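# Architecture at a glance
What follows is the residue order along each chain.
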Amino acid sequence: NITVAANDRYFVDTSGGAKTVTLPASPQTGDQVRFIDLAGTFDTNNLTIGRNSEKIMGAAENLVITQENAGVGLVYSGSTNGWRLIEN
């Protein structure tokens, strides 16, 4: 479980169990992050993307990825809508 940096890409291996990654605490508009299911196990061991006080898709809740072999990209759009999906 880690806090990720803006404008980076992460291969996430959940073969040993579910994981949580936390988005940056003070994102700037246009910051992006990407997560890739390295082991193809997000369906059995989910990836939770922690919002770190910012919204995700306009909602004040974490995002749980449950799709095997998923690749997800998020961009920060500002405090009103927070992090928005740009790839899924």
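Look up a bit, the structure's there.
Below, the discussion takes up the sheet that holds strand β8 (residues 83-87). Spatial strand order, β2-β4-β7-β8: 4 strands in an open sheet with mixed pairing. The sheet is open, and its two edges are formed by β2 (8-12) and β8, each paired on a single side. Put simply, the sheet's adjacent strands are angled 25° from each other on average, direction ignored. Pairing between strand β7 (residues 71-76) and β8: 4 bridges, direction antiparallel. Residue pairing for β8: Gly 73 is matched across the bridge by Glu 87.

Let's shift gears to unusual backbone geometry. Both trends apply: most residues other than glycine have a negative phi, and most peptide bonds are in trans. Although it is not a glycine, Ser 53 sits at a positive phi angle of roughly 75°. Residue Asn 69 is not a glycine yet carries a positive backbone phi of 65°. Mapped onto the secondary structure, Asn 69 falls in the loop between β6 (63-65) and β7. For Asn 69, a relative accessible area of 53% corresponds to the exposed category.

The rules behind each value
Residues numbered from 1 in each chain as written. Predicted model: local features only at pLDDT ≥ 70, side-chain atom pairs only at ≥ 80, totals over all residues. Heavy atoms only, no water. Pairing = 2+ DSSP bridges. Helix = DSSP H or I, 4+ residues; strand = E, 2+ residues; numbered from the N terminus. Axes fitted to C-alpha atoms, helices over the stretch in contact; angles between N-to-C directions. Buried < 20%, exposed > 50% of the residue type's maximum accessible area, 1.4 Å probe, protein only.

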